[in-house]
Structures are given as C-alpha cells and as structure tokens.
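Architecture and fold: a report
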Amino acid sequence: MSSLSLHPPSTNIGNKDNGTVSRYSMQDFLSEDTKVEIVPAFDCPTLSFISCDYGPFIAGMSVPVPLWLAVELRKQFRCRITPPPWLCESYLTEVLNYEKDPMNETFFTSSEHPSNPDIQLTLPYHYQSIARVLIDVCPGDIERVKSINVILQDIDFLRNSKSVNILKRLSLSMDGTEGEEVQRNFNMRSGWKGMEVQEFKGVTVKMLEGVRGGDGEGRGEGRGGRGAGNDGRKEGRRKFRNERRREEDGMGGDETPTAKPGRKPTGTPTIDEDGLEVAQIEEGEELEEPTRQGAQRLRRFR
Amino acid sequence: MGYYDIDDILMEDEHVTAIARIDCASLAFLRPYNSTNTAASTSSTTLMTNEKVSLPLWTLPFLCFDSRFFDVTLPKHFSDSFRKKLDAGGDSFNLRLKSPYFYSSGFLLCSLVSSSPSSRRSSDNRLTLLKKECTLLLSVLKKTFIGSRLRKTLDWSLSFRDEDCTSYTSTLTTEELTLFEIGARASLGYQEWKRKGSRFIQVSGIVKSKDRRVVSPEDKGGDKGVKQMGEFEEEEGKKRRRIEERL
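In this report, the structure presented in the accompanying data block is examined.

Calculation criteria
- Residues numbered from 1 in each chain as written.
- Chains lettered and ligands numbered in written order.
- Predicted model: local features only at pLDDT ≥ 70, side-chain atom pairs only at ≥ 80, totals over all residues.
- Heavy atoms only, no water.
- Helix = DSSP H or I, 4+ residues; strand = E, 2+ residues; numbered from the N terminus.
- Buried < 20%, exposed > 50% of the residue type's maximum accessible area, 1.4 Å probe, protein only.
- Contact = heavy atoms within 4.5 Å.
- Core = buried A, V, L, I, M, F, W, Y, C linked by side-chain atoms within 4.5 Å.

The helix and strand inventory of chain A stands at 10 helices and 11 strands. Counting over 302 residues, chain A shows a buried share of 50%. In chain A, 60% of the contacts between residues at least 6 apart in sequence involve partners at least 24 apart.

Quick look at the structure:
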C-alpha cells in the first residue's frame, strides 16, 4: 500500500539476540583500520594477520600500521605514535577559521600540507574517532594537545550547526522558496564525515522519502525527470542512498532493515480476492519488505 | 510500509464522505448512527441512492474507483480553502487535530484517484474534477511536508534540548513525529558518544554460541579446502601468543 515508511531507525545496530551497539561506537570501530605511522621500540620480523602483513619492525624506524595495532603497542609502551599530519594545531586552526566564516556555506575540503605544500591534505572521514583515540592514548606524542582538543570541539560544533543549515536550505529549495541549485550541489561525499553521517542520515532520508510522497506519484516524477530540478533532486538522493548503502555494507549489514530506503515494488496495484490492494512484483526487483512474513507473502506473488 | 505495518492499517482507517450512486442492497449498516434521513423509502437493509456515508480509505479502491458505486469527496482538511492556508504558512497549524495521518492519507487518496480508470462516459465530471483537485493536493502536501514545518522540526530535534518538547510534538502528524524522533535520537546518541566515548561492542551471538555447536567426528574431516570457524579462532589465538612471546 502506498505510504511513507513510518518505522524510525534506531541508533543501535544489530538485533536483541546478538546485542545492540551504538552506531557511533561502530564508527569508532571502523576507524581503527586507518593507517598511522609508529616508531617501534622493538625488533620483530613481519607479523602476518588474516587481512594483511605488517612489519618488519625495526627499533627506531617508522612503519605504517593500522590504528588498532598502534594503540595496542602504545599501551604496552612498545612504540611511539607519530601523529598524522592533519592532527597539528596550524592545520586545524585553518579548518576552524574556514568553518567559522559565515560566508563559507560548504564544508572545508582540502588545503596544502603545512610542511609540504605539494600535497593536498583533507580531514579524514573518521577524524573525530581517530583524534579522540590518539588524544586519549598518547597525549604526550602530540604537540599542544590541549589546544588541539579545544579546536576540534569547536570544529565539531560548527560543522554540526552547518549541517543543520544545509538540511534547512535543502528544504527551502524543495518547497520553492529558494533556487534549485542546492539540490544539485547536495552531495554527501564532499561534506559530511563519519559521525555527522550517522547523525543526519536518518533525518535526511526521511525528508526525501516524504517528498517522494506516495508510491505512484513520487516514483513517476523521479523517473520522468520533468525538469532540471527533479534530476538534481534525484541525483542527490541517489548519491545519498549509495552512500548509505556503502556505509551499511561497511558495517556488515547488521542494521535494522527498516532503516533502508529500498526500492518499492513496481507495477500497478491490483486487487486480490480479499479485496486488498496488492502490489505486483516483477522479476528481479529488489523488495522493500525485509521481515520474514513480508518476504514469504511477497514470494507468493512472484 | 506493507501489509502488517500498524501505521498503514491505522492510516487506511481514515474516513471520507461518499455518496451512493445506486441502491446498494445490504449496505444499510454504512448509514451513520444519527442519520436524519427521513425519506419515506428508507429501507432497513438497502442503502438508497444519494445517501451520504462515511467510508474508510481501504474500501475506496473497490467501492469508488474501480466500480464507481460511490462518489467520494475530499475531506475538509484537503479542501481548497485549507490548501491555500497551508500554502501561506503551514508551521502554525496543529495538523494532528485534522488528521494524525495527514500526509499518508493524502498521498494515498491522490494515488488512488490518479490510478483509477477514467470513465468513458462524458457525463462523469465528478471524477475528472476530483483528479484535478488531487494533483493540486499532492503538490501542496509535498510542499507542506518539506517546508517550514520541517525546518522547525529540525530545529527542535537536532539541537540537544533537555526540555519537554510535547508542546511542539503534539501538533505534529505521525510522519513528522517519526522524523522528529529520528533526529532527537540521533543527536542524543551523538551527545552521549561525546560524553562517554565508545560503548563496549559485544561479540556476535554466532561466535558466542560456536562452542555449543555439536560437531560429529565426520564433520571435522569434511571440507578440506574450507577451514571451520573454530580452527580460524585457534590459529588467531596461536598467532597472538606467538607475537606476545616475541615481543
């Protein structure tokens, strides 16, 4: 039946049997894959793990390892972590000044490496998680840790309020108050980082689902593409949806199924013998009903 | 979304006024209880032509649109005058008073009307008028949803408030309330993360219960190319011990 999907996605992933975990904790977990440079205080040949080999470790020589390994070794005092190039006061101050400026409506993208002007440096996707872990575990290895902490919190706050403004501007453009350029430029890839994605994706998806309206009308508009504005909106939504799908794949797809804005079945609704409207599903169509009952019921009509 | 969705079921129970176009046998129970129909030919079992009844949305496909036994009119909160008011500024209205499923029922009505087969009879103006009204209604509904009401909701839900928001949320329809809850939960979760840090991530139930799995002697030798999950864990543990010894 055509309607908005009204189930709110929770902030926890996983079902009750396996234990739920906060999405934000999951982002912390995923961030631990990023590589950092460490200077080990021990000698060791190459260590082989399931995913990759790390090493060989030679005392005094810098070696790249994933964050989880670096933190473990640092906790045992077997290495010194070199802070990543973006975790320095000058770069973060530059980011902060960009975000503070009310003229800049988009997020900070990239600028030159502070010491090496040839390299472009961007804030990594999981910058909040990585910064938090590094500041917790090895504050001594980072220069001017306290001021970096303060700057990072300011950056978080500013980006947060900017995100809400972006959503508001998107809504302004969709209800006709502002122009439609916002829709075309609305691209999550160039803006939001890890934690912000988790915070705002639920709301954004619900917004765009609401604009689609009922089944027949919304989809018809999207496919027909009656104007440049519609295409832009479709593009933004598709990019957003792909972004979300990629995110969810990264988490192992344990998310509660109702959170996904899957495609609704096509075909004109028909009436079956109970007098109820039943959507016809064509072969190969991705189904929205994730529950077992729903899947069983829909399988009958294939 | 779907057959078992309780919100869908409740939404489809919204009522619209319909007028019977023909005499309907055995449908007299649809007559409202306090009906003031004093026609001499009021039957006790048959619903007479031009009698007004109140029909739920789920009956509309087969009573009004596919078969044209009843003529449906849009409810008052979808009428032209209210649409104009919504266009002017929607954020001050208590839409939940009008209908708790304002948007969903509106979208459903519009899709039913637009997908109903057009009558071949040229005298059937009512349906064409209804179709025109519904196209206008659809655009107004979408505009209202994404408009100033949404911006106000975003403000309220995404701004880390500790206070009681029911003065605002009591004016929201169910769909908007869902959006509000998502935003509020997300921002609360973020605040919690900032304060407390990461929560402990539990081992998945599949891995936890592997020891309780009954493995027969034949199974162990089975797939030589693919290692059992338990063996992976053992090797991992051995490697970890080896690393620690070396270090």
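Glancing now at the nonpolar core. One recurring pattern in soluble globular proteins: nonpolar side chains tend to sit buried together. Judged by nonpolar contacts, the single largest core of 55 residues is most densely connected at L167 of chain A together with L55, L60, C64, F65, F70 and F102 of chain B. For this core, the element with the highest residue contribution is helix α6 (residues 125-146) of chain B, accounting for nine residues. With residues near it in sequence (within four places) discarded, C64 of chain B still touches L55, F70 and V72 of chain B. Core analysis: the next-biggest nonpolar cluster, separate from the first, contains 39 residues, I38, F42, V65 and L158 of chain A among them.

Turning to the environment of K152 of chain B, a few remarks are in order. Residues and elements named next belong to chain B. Considering the arrangement of structural elements, one finds K152 in helix α7 (residues 148-157). On the basis of relative accessibility, which here comes to 33%, the residue K152 falls in the partly exposed class. Taking the C-alpha atoms as reference points, K152 and Y168, separated by 16 residues in sequence, lie 9.3 Å from one another. Ignoring anything within four residues of it in the chain, the contact list for K152 reads D91 and Y168.

What follows deals with the environment of F29 of chain B. Inspection of the secondary structure puts F29 of chain B in the loop between β1 (15-20) and β2 (52-56). Separated by 17 residues in the primary sequence, F29 of chain B and T46 of chain B have C-alpha atoms spaced 8.6 Å apart.

Purely spatial values, then, with no claim about function.
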